[in-house]
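Letter by letter, the chains look like this.
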Amino acid sequence: MHGVTISELIKKMKLKNTTPEIDTDKIVLTHPDVNRPALQLTGFFDHFDRERVQIIGYVEQAYINTMDQEQKRRMYDKLTSSQIPCLVFSRDQEPDEDLLEFCNYYGVPCLVSDKTTSALMAEIIRWLNVKLAPCISIHGVLIDVFGEGVLIMGESGIGKSEAALELIKRGHRLVTDDVVEIRRVSDDTLIGSAPDITKHFIELRGIGIIDVKTLFGVESVKDTQSIDMVIKLEDWSKDKEYDRLGLEDQYTEFLGNQVVCHTIPIRPGRNLAIIVESAAVNYRQKKMGYNAAQELYNRVQANLGKGQEN
């Protein structure tokens, strides 16, 4: 099952576990949102999002403090028996002994954070959205070029890794070579990363495996990067017509998200590193509102207009 264990949540959010007897490795979160069980504390459990992380904030705790012990125990019993993955108290609030008794009985981890409720919710949602995002693995190389995530794709042996190595020597940063794990964290954003087993390594045919981090230093690598554009390398074909102006952007799709895509024909003598750098800078210019191809088109149209007037 694709999910995140409560143990991972505890480690990432630096939570205190008040129920250490419960095996948090076996409890898996599969939903990125959180829930504040305010209505549930009053006994209303219709449409309860029980699969989410349950946050007890200052308001919820203040309401609990107004109950007598019998009411609390009834409410604790119903809440913890509803198969929730965990309870998290914000603002360093401590759960009482009655709640800990029911949490241990039903196997619900009870955790404590020193963060404010809003900050805790935002951080958990952001982190879970990344961890639980839809994910695919593709063959390619991902490089951070001038802050733009450039995914280089193409057939095996066409020169992706060699281009990446040249870019690294020119001061850019490697994210991953050979296998790119792509996660869709929002409708606009794709994040690429490396599998743990190949992180910071590049394979060069005829030489073997190179450890980029060891050879070029920590500034030459990066763990994750948004994918802003795709460059597809292919063998040059004299029978194929290639785009020479770039008036209209071409796109490719990953996990339902569209990404700008350029197809670059390969032939001896072409410097791939400079081409990739130029593509990244040109993409940044377009984002800032300047399109060189459109500027050329406007000049041509203006000259044609002058010619007709004369």
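Each value, and the rule that gives it
Residues numbered from 1 in each chain as written. Predicted model: local features only at pLDDT ≥ 70, side-chain atom pairs only at ≥ 80, totals over all residues. Heavy atoms only, no water. Domains from an automatic or database assignment. Helix = DSSP H or I, 4+ residues; strand = E, 2+ residues; numbered from the N terminus. Contact = heavy atoms within 4.5 Å. Buried < 20%, exposed > 50% of the residue type's maximum accessible area, 1.4 Å probe, protein only. Arc of directions from axis to C-beta. Patch = residues over 30% accessible without salt bridge, like charges linked within 9 Å, V, L, I, M, F, W, Y side chains within 5 Å. Areas by Shrake-Rupley, 256 points an atom, 1.4 Å probe, with all protein chains shown as cover. Salt bridge = Lys/Arg side-chain N within 4 Å of Asp/Glu carboxyl O. Phe/Tyr/Trp six-rings, centres within 6.5 Å; stacked < 30°, edge-to-face > 60°. Polar contact = N/O pair within 3.5 Å; in protein donor to acceptor, adjacent residues only side chain to side chain.

Here the focus is the domain arrangement of the chain. Along its sequence, the chain is organised into domain 1 (2-130) and domain 2 (133-296). Here domain 1 and domain 2 have C-alpha centroids that lie 42 Å from each other.

Time to look at the environment of I124. Here I124 lies in helix α6 (residues 117-131). Measuring from C-alpha to C-alpha, the distance between I124 and Q285 comes to 35 Å, with 161 residues separating the pair along the chain. Once residues lying within four places of it in the same chain are set aside, the contact partners of I124 are L9, M13, V34, V53 and I55.

Before going further, it helps to spend a moment on helix α1 (residues 6-13). When α1 is considered as a whole, its buried residues turn out to be I6, L9, I10 and M13. Relative to the axis of α1, the buried residues are bounded by an arc of 100° and lie together on one face. Of the residues trailing α1, K14 is marked for its positive phi of about 55°.

Together, L245, L247, L296, Y297, V300 and L304 give the surface a local cluster of nonpolar side chains, amounting to about 540 Å² of exposed area. Following the sequence through the fold, L296 ends up in helix α10 (residues 292-309).

This next bit is on the packing of aromatic side chains. Counted under the stated rule, the structure contains two aromatic pairs. With 5.4 Å between their ring centres and 90° between their planes, F45 and F48 make a pair best called edge-to-face. Considered together, F45 and F48 belong to a single accessibility category, that of buried residues. Summarising the aromatic geometry, the rings of Y105 and Y106 are spaced 4.9 Å apart at their centres and angled 90° between planes, so their arrangement reads as edge-to-face.

Along helix α5 (residues 97-106), the positions that sit buried rather than exposed are D98, L99, L100, F102 and C103. Taken together, the buried residues of α5 touch α4 (69-80), β6 (87-89) and β7 (110-112). At the N-terminal boundary of α5, the capping side chain belongs to D96, with an oxygen 3.3 Å from the backbone nitrogen of D98. One or two residues past the end of α5 sits G107, with phi positive at roughly 75°.

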